[in-house]
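Residue strings, one per chain:
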Amino acid sequence: MKKKAYTYLFFMIVFYSCASNQTIAEQKLLTTPDQSSNAQACKTFFELESIVPIETSEDYLISYLDRVISYKDKIILLTRNDKSIFVINTHTGKVETHIKRIGTGPGESNIIIDIAFDDQLENIIVLNDYYKLLFFSLSGDFLEEEKINKNVLYENIVYSEGNIIFYNVLNGYSCHPYSINIYNLRDKTWKKEGNDEEIKFGIRNNGKQIVKSKNIWFTAPLDFSLYTLIDGEIESPYQLDLSTKTMNEHLIKKSTTDPTTFFNTVASNNIIYGINSIRETNNFFVLKSNLPGYFIINKSTFEVQWEKSWEDEYTGVKLSNYYPHDNDDNRIMFVVKPQEWMKRDVKKNENIPSFWKEKINSINMEEDSNPILFFYREKEIK
């Protein structure tokens, strides 16, 4: 069904006509502040719940996080650059399992595209560059593999109730973010939702386009709508009104022909070209864009706060450290790198409870240490 176009994006006249099965009457337009603030919404609505310093050794070096999945007392990490999957104990930060199988044989990959977790069978699911799904136990045992569609490269996967959700078919700089392919692991059947609308835009932000929390939420480049998968069908209940952030077709082309000019223009004009990394908690949505800071949406009042910067100087946690993890656990996560940890101000500890002081002071990090994960839980509303 055709959706009303908004003036904030020239080319969205085309995209919104077929981007979703939702009508504009069913979608709530959320008023967004023109300028970001320093309201410390994170500190107001969330509180520190746990700290996980990841064990460091020559065999366990993590250069970058590509997927973080929380499950009971474990954290499952993907770092594509290192071609590794780690299972971390949340209480100790110790690496319990390290999966690194490079090659072309059974259970091996040259590139790990993404991972998901089957919480019913407790299996780690790997999507690799050989168009295969690989299955591993939490202890790292290779269980089986399964060939999927040939010559179709997806950007991400998530798991939900016996299904693998394949998101965003890639083709060079182009992508198809409105097409969701659902594969049932039990009866081996496929189902497709959405359409094959192509977006010729290859820029991605640090974060994830699709994340599983209370629901599966995903976003599309050059689009300010929040999409979700409910009972296997795509819905788009919310859209951020970012009408002051404009981009034209000429600038979009620059993203591939002249990236330097593209990024300079985006930075000098504070242009938002997409949102991502949606986490849903009991009372809020948390997400970010390509500009500094993140958005917090109150699910009851639909008030949107755009917070530009916040820092806990004693822990080194900043808004820029926010990274979305998969799990319905009412938390948000921040990743602090060793360089940031070593620059923190240890004198800024007046309001830190003694328990956290002891925990933080017991952490020893060096420049080549693995990062620390900080989990903040939503505060109870009184």
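**A short note on the overall build of the protein chain**
Moving on, step 1. The number of helices and strands found in the protein chain is 6 helices and 27 strands.
Moving on, step 2. The C-alpha atoms of the protein chain give a radius of gyration of 21 Å, which matches the 21 Å a tight globule of 382 residues would have.
Moving on, step 3. The dimensions of the protein chain, computed from C-alpha atoms along their principal axes, are 55 × 50 × 45 Å.
Moving on, step 4. Counting every position in the protein chain, which comprises 382 residues, the buried fraction comes to 54%.

**Here's the deal with the side chain of Ser225**
Moving on, step 1. With respect to the element layout, Ser225 can be found in strand E18 (residues 225-230).
Moving on, step 2. Classification of Ser225 by relative accessible area gives buried; the value is 0%.
Moving on, step 3. Only 3.1 Å separates the side chain of Ser225 from the side chain of Gln27, close enough to count as a polar contact.

**Side note on unusual backbone geometry**
Moving on, step 1. Unlike most non-glycine residues, Phe302 shows phi in positive territory, near 65 degrees.
Moving on, step 2. Relative to the helices and strands, Phe302 is located in the loop between strand E22 (294-298) and strand E23 (304-307).
Moving on, step 3. Classification of Phe302 as partly exposed rests on a relative accessible area of 26%.
Moving on, step 4. One non-glycine residue with positive phi stands out, namely Asn330, at about 60 degrees.

**Details of the confidence of the model for the protein chain**
Moving on, step 1. Residue-level pLDDT values for the protein chain average 87, and 92% of them are 70 or greater.
Moving on, step 2. The secondary structure element of the protein chain with the lowest average pLDDT is helix H1 (residues 12-15), at 33, and the one with the highest is strand E3 (residues 67-71), at 98.
Moving on, step 3. Scored below 50 in pLDDT, residues 1-25 makes 54 contacts in the model with residues more than four places away or belonging to other chains.

What counts and what doesn't
- Residues numbered from 1 in each chain as written.
- Predicted model: local features only at pLDDT ≥ 70, side-chain atom pairs only at ≥ 80, totals over all residues.
- Heavy atoms only, no water.
- Helix = DSSP H or I, 4+ residues; strand = E, 2+ residues; numbered from the N terminus.
- Rg over C-alpha atoms; globule rule 2.2 N^0.38 Å.
- Buried < 20%, exposed > 50% of the residue type's maximum accessible area, 1.4 Å probe, protein only.
- Polar contact = N/O pair within 3.5 Å; in protein donor to acceptor, adjacent residues only side chain to side chain.
- pLDDT = per-residue confidence, 0-100.
- Contact = heavy atoms within 4.5 Å.

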